[in-house]
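# Structural characterization, general
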Amino acid sequence: MKGIIILSIIILLSSCGRNCSIPAGYVFEFPITLSPAQETYQIGDTITITSFFSDEVYERKTGIHYNLIDFKFYPEMQMREISDTTANEAALSDFEVLIPSEYDFQEYIYGSGSVAYSGEYKYENGNYELSYKIIPQSKGLFYFSFISSLATIDEYQDFEDKCPGESSSARAELNDSADNNIHLLNESLDPFYNEWRLADPDGRFHRYASYCFRVVE
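Let us look at the structure shown here. Computed from a predicted model, the values in this text were never measured in an experiment.

We now examine the pattern of salt bridges. Per the stated rule, a full pass over the model turns up 9 salt bridges. In this structure, Arg60 and Glu29 form a salt bridge, with 2.7 Å as the shortest nitrogen-oxygen distance. Pair noted here: Arg60 is in the loop between strand E4 (56-59) and strand E5 (65-67) and Glu29 is in strand E1 (residues 26-35), with a separation of 31 residues, a long-range link. Owing to a relative accessible area of 23%, Glu29 belongs among the partly exposed residues under this scheme. Where Glu173 meets Arg60, a salt bridge forms, and the shortest distance between an N and an O atom there is 3.4 Å. Taken together, the residues Glu173 in strand E13 (residues 168-174) and Arg60 in the loop between E4 and E5 connect sequence positions 113 residues apart. The exposure class assigned to Glu173 is buried, which follows from its relative accessible area of 13%. Linked through salt bridges whose partners overlap, the residues forming this network are Glu29, Arg60, Arg171, Glu173 and Asp202.

See the structure below:
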């Protein structure tokens, strides 16, 4: 009997240690799709952005799916026009953005003049959902990204089975981890894109659910 009690304590302690050791915090992963996935679009083409996933969300470090009920991911869409030596951070102004009224996803203009769209997922029946369309109105070389601001806005948000005191971040996986036209960065005249981002593709491109494309007349 004594041996059973000691074994139970060892198992309990082992379990606690395993579940509560998350170096640098949790990193949750969720999918997003950009379609049609093309290298070149024409002015007036419709591009659809969709993200749909259940509240059993995969965590990269532990390999575990956590039950994140009505969790706040703070999604944000960014767009840059990168053909010149300095990127145009207000490039979303050159797109018509069509967002159904059921979603909380709105234009946000930073003090620097950079234009983004941010808000939150619709959470319903155990699923997270966000879907909208963008239509280019001018030609150029564009750099799209879809990020989560969880780590900067609410990194200690609580959820079931969370280790006390651990932080959280999240990243989107765009088009099931396709290359997303990363080679088009070579056409940019801005070294931030044609050198710095290419030097570490996973950490500086794919980590931010990035996608490059051209728009022609």
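This brings us to the nonpolar core. The nonpolar side chains of soluble globular proteins are, as a tendency, buried together. Phe73, Met77, Tyr132, Phe144, Phe146 and Phe213 are the most contacted members of the largest nonpolar core, which has 44 residues in total. Tallying contributions element by element places E1 first for this core, with 5 residues. Counting 10 residues, the second-largest nonpolar core is a separate cluster that includes Ile82, Leu141, Tyr193 and Cys212.

Sheet architecture is open: 6 strands sit in the order E2-E14-E12-E6-E9-E8, paired in mixed fashion. Unpaired on one side and paired on the other, strand E2 (40-42) and strand E8 (104-109) mark the two borders of the sheet. When the angles between neighbouring strand axes are averaged without regard to direction, this sheet yields 25°.

Attention now moves to the environment of Leu184. Within the secondary structure, Leu184 sits in the loop between E13 and helix H3 (191-199). The buried category is assigned to Leu184, whose relative accessible area is 0%. When the C-alpha positions of Leu184 and Tyr211 are compared, they lie 9.3 Å apart, and in sequence the two are 27 residues distant. Once you skip the residues sitting within four places of it in the chain, Leu184 turns out to touch Glu39, Leu141, Cys212, Phe213 and Arg214.

Each aromatic ring pair is described using two quantities: the centre-to-centre distance and the angle formed by the ring planes. A complete count under the given rule lists 31 aromatic pairs for this structure. Ring geometry for Tyr143 versus Phe205: centroids 5.9 Å apart, planes at 70°, classification edge-to-face. Note that Tyr143 is positioned in strand E12 (residues 140-148) and Phe205 in the loop between helix H4 (201-204) and strand E14 (210-216), a separation of 62 residues in sequence. Phe205 matches Tyr143 in its accessibility class, with the two residues each being buried. In textbook terms, an aromatic cluster arises when at least three aromatic residues are bridged by ring pairs, as seen for Tyr26, Phe28, Phe30, Phe53, Tyr66, Phe71, Phe73, Tyr121, Tyr123, Tyr128 and Phe159.

Criteria and cut-off values
- Residues numbered from 1 in each chain as written.
- Predicted model: local features only at pLDDT ≥ 70, side-chain atom pairs only at ≥ 80, totals over all residues.
- Heavy atoms only, no water.
- Salt bridge = Lys/Arg side-chain N within 4 Å of Asp/Glu carboxyl O.
- Helix = DSSP H or I, 4+ residues; strand = E, 2+ residues; numbered from the N terminus.
- Buried < 20%, exposed > 50% of the residue type's maximum accessible area, 1.4 Å probe, protein only.
- Core = buried A, V, L, I, M, F, W, Y, C linked by side-chain atoms within 4.5 Å.
- Pairing = 2+ DSSP bridges.
- Axes fitted to C-alpha atoms, helices over the stretch in contact; angles between N-to-C directions.
- Contact = heavy atoms within 4.5 Å.
- Phe/Tyr/Trp six-rings, centres within 6.5 Å; stacked < 30°, edge-to-face > 60°.

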